[in-house]
Amino acid sequence: MPRVKSPSQAEISSNPREFALLAQAAPNGDVDPEVLSQYIKLYGQPSASVPQGEITFAEFAAMFSRPAGGDKPANNCVGYAALDKSGVLAPYSFDRRPVGPGDVRIQITHAGICHSDLHQVKDEWGGSVFPMVPGHEIVGIVTEVGEGVTKFKPGDRAGVGCMVDSCRTCDTCQRSEEQFCPKCVYTYNSKHHDGTLAQARPGGLLVAEGGYSSHIVVQESFTLRLPDNLPLDATAPLLCAGITVYSPMKHFGLDKPGMRLGVVGLGGLGHMAVKIGKGLGLHVTVISTSEAKREEAVKVLGADEFIVSKDAEAMKAAAGSMHGIIDTVSAKHDVGALVNLLKVDGKLVMVGVPEVPLDLPVMAIVFKRAMVSGSLIGGIKQTQEMLDFCGEKGITASIEKIPIDYVNTAYERVLRSDVRYRFVIDVQGSLIL
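Remember, it's a predicted structure, so these values are computed and weren't measured experimentally.

1. Observations concerning the packing of helix α8 (residues 241-251) against helix α9 (residues 268-279)
Point 1. Their axes nearest at 8 Å, the elements α8 and α9 cross at an angle of 55°. Looking at the two axes, α8 sits oblique to α9. The interaxial crossing formed by α8 with α9 has right-handed handedness. Across the interface between the two elements, A241, G242, T244, V245, Y246 and M249 of α8 pack against G268, L269, M272, A273, I276 and G277 of α9.
Point 2. Residues belonging to the contact of α8 with α9 are distributed by class as follows: eight nonpolar, four polar and no charged.

Following this line, the structure appears as structure tokens:
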């Protein structure tokens, strides 16, 4: 069985992508020949062959060296960026800050595509700053840590979600709910309150760049440990889609085995709600406008029941049957019909964000003593809890993996709901510095 000698930090710094591949293929140095052959085929030199016996890291790295596309950039990071609100992404290079005492450098292997990425690159929510490198479902391998870092080391699997900083002192930060901090810094297109994580822009504006890029530098306190047993590509969407549905289940007490949970919509968020709900031992009912999704929901994702919301008789039969509903739909829809499905004291939690205001069914809410609420991702502590839970239960996203030069086509398909259920960019296979 081939064995790769441990590299020095200098060797890792010179070949971070190749070190990340080594950490995946041979975390302990010993590598199965079949696994190495597969990695060479996917990520390496076509002419490389599987060696025998012990080899140096330099020899391993040589098997995976690939020329970067075009001329080598002067900057230390490459990615894809939207240059204006047309939302079209193109190759882009920029400089990440050097690793500081409390920082973790992650060589990005995969990045998920969230629907909010599309809103941001098209400036549909306002305030977008260009050029913009999107992406907040980021996974990869640690290649360098600052001298003050204690929880991570080179070779560890790590991730970054929707946030990279907060004030650390306000009430919400003290409750480990950094997502509600007035000074929360999101992973991209977000002004940093002190500039330490940001990239310079004309006029002095500072913004953070996201995960459609070769690496990222993040403070240890906003770096997440990934379960060893889950594949990196299918883990990436957990960092937004997963926590977005896990958090309201936990916060609103919709997490007790045997409880009946409705899930409205079966897209990136909805399919994760089904998987996590089943992992918690809930009785899960998918509510969709499309009969065509029934078989997928029940036979593939494991939902217990399926209701077509346009079927008046089916909706009537399910009235008063659910302890809670996670509503993932981002289009205008009938909230009153959903409230009618709740038991007394039931909870309807909105995690989708429609572009137009929804009508509030006050009478239905009053007569059910129902709660209609919203939820925004989750704090760092709860996100780590979610990842650990998914590792324990073997839960990952259902994905379609794509090269980064397919991203504009993927965006078009997201708008058509033509994906089952999350696009994930194979960064390490298609974006090379």
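2. Some remarks on the pattern of salt bridges
Point 1. Taken as a whole, this structure holds 20 salt bridges when the rule is applied.
Point 2. The salt bridge involving E137 is made with R422; its shortest N-O contact spans 2.7 Å. On the criterion of sequence distance, the pair formed by E137 in the loop between α5 (115-121) and β6 (138-145) and R422 in strand β21 (residues 422-426) is long-range, its members being 285 residues apart.
Point 3. For R157, the salt bridge identified is with D228, shortest N-O distance 3.9 Å. Linking R157 in strand β7 (residues 157-160) with D228 in the loop between β13 (224-225) and α7 (232-235), this pair joins segments that are 71 residues apart in sequence.
Point 4. Judged by its relative accessible area of 17%, R157 is buried.

3. A look at the packing of aromatic side chains
Point 1. This structure, assessed with the given rule, holds five aromatic pairs.
Point 2. Centre to centre, the rings of Y246 and F389 are 5.8 Å apart; their planes meet at 45°, and the pair counts as tilted. Of this pair, Y246 sits in helix α8 while F389 is found in helix α14 (residues 380-393), placing the two residues 143 residues apart along the sequence. F389 shares its class with Y246; the two are buried.

4. Quick word on empty space enclosed by the protein
Point 1. A complete count under the given rule lists two cavities of 30 Å³ or more for this structure.
Point 2. A volume near 70 Å³ is recorded for the second largest cavity.
Point 3. Taken together, G161, C162, M163, F222, L224, L239, I243, I377, G378, I380 and T383 make up the full set of residues lining the second largest cavity.
Point 4. Counted by class, the lining of the second largest cavity contains eight nonpolar, three polar and no charged residues.

5. Considerations on the environment of A81
Point 1. Here A81 is to be found in strand β3 (residues 77-82).
Point 2. Owing to a relative accessible area of 0%, A81 belongs among the buried residues under this scheme.
Point 3. Between the C-alpha atom of A81 and that of T172, which follows or precedes it by 91 residues, the distance is 32 Å.

6. Notes on α8
Point 1. α8 sits mainly inside the fold: nine of its eleven residues count as buried.
Point 2. Taken residue by residue, α8 has A241, G242, I243, T244, V245, Y246, S247, P248 and M249 as its buried positions.
Point 3. After α8 finishes, the residue G253 shows a positive phi value of roughly 70°.

7. Things to note about the side chain of S288
Point 1. Take S288: it is sitting in strand β15 (residues 283-288).
Point 2. Excluding its chain neighbours within four sequence positions, the residues that come into contact with S288 are K293, F306, I307, V308 and S309.

8. A short note on the layout of surface pockets
Point 1. Here the second largest pocket defines a volume of roughly 530 Å³.
Point 2. As for the second largest pocket, its lining consists of 28 residues, and the residues nearest its centre are L22, A23, Q24, A26 and P27.
Point 3. Contributing elements (two or more residues each) for the lining of the second largest pocket: β1 (3-4), α2 (16-25), α3 (33-43) and α7.
Point 4. No other element matches the four residues that α2 contributes to the lining of the second largest pocket.
Point 5. Taken together, the residues that form the lining of the second largest pocket break down as 14 nonpolar, seven polar and seven charged.

9. Focus on helix α4 (residues 57-64)
Point 1. For α4, the set of buried residues is F57, F60, A61, M63 and F64. Seen along its axis, α4 keeps its buried residues to an arc of 155°; they face one direction.
Point 2. In this structure, the buried side of α4 is in contact with β1, α1 (9-14), α2, α3 and β2 (54-55).

10. Details of the sheet that holds β15
Point 1. The sheet built from six strands is open, its strands ordered β16-β15-β14-β17-β18-β19 with parallel pairing. Two strands bound the open sheet, and with one partner strand each, they are β16 (305-308) and β19 (371-374). Averaged over all adjacent pairs, the angle separating strand axes in this sheet is 20°, with direction ignored.
Point 2. Direction of pairing for β15 relative to β16: parallel, over a ladder of four bridges. Bridging from a neighbouring strand, V286 pairs with F306 of β16.
Point 3. Seen against the sheet, α9 touches β14 (260-264) and β15 and runs at an angle of roughly 165° to β15.

11. Notes on the packing of α2 against α4
Point 1. Interaxial distance between α2 and α4 falls to 9 Å at its minimum, and their mutual angle equals 100°. Judged by the inter-axis angle, α2 sits roughly perpendicular to α4. Residues R17, E18, F19, L21 and L22 of α2 touch α4, and the partners they reach there are F57, F60, A61 and F64.
Point 2. Split into classes, the residues belonging to the contact of α2 with α4 amount to seven nonpolar, no polar and two charged.

What counts as what
Residues numbered from 1 in each chain as written. Predicted model: local features only at pLDDT ≥ 70, side-chain atom pairs only at ≥ 80, totals over all residues. Heavy atoms only, no water. Axes fitted to C-alpha atoms, helices over the stretch in contact; angles between N-to-C directions. Helix = DSSP H or I, 4+ residues; strand = E, 2+ residues; numbered from the N terminus. Parallel < 35°, antiparallel > 145°, perpendicular 65-115°, else oblique. Left-handed = near helix turned anticlockwise from the far one by under 90°. Contact = heavy atoms within 4.5 Å. Nonpolar A, V, L, I, M, F, W, Y, C, P; charged D, E, K, R; others polar. Salt bridge = Lys/Arg side-chain N within 4 Å of Asp/Glu carboxyl O. Buried < 20%, exposed > 50% of the residue type's maximum accessible area, 1.4 Å probe, protein only. Phe/Tyr/Trp six-rings, centres within 6.5 Å; stacked < 30°, edge-to-face > 60°. 1 Å grid on protein atoms, 1.4 Å probe; cavity = no way out; pocket = protein on both sides within 12 Å on 5 of 7 lines; lining within 4 Å. Points joined across faces, edges and corners; volume = space filled by probe spheres on them. Arc of directions from axis to C-beta. Pairing = 2+ DSSP bridges.

No statement about biological role is implied by the geometric values presented.
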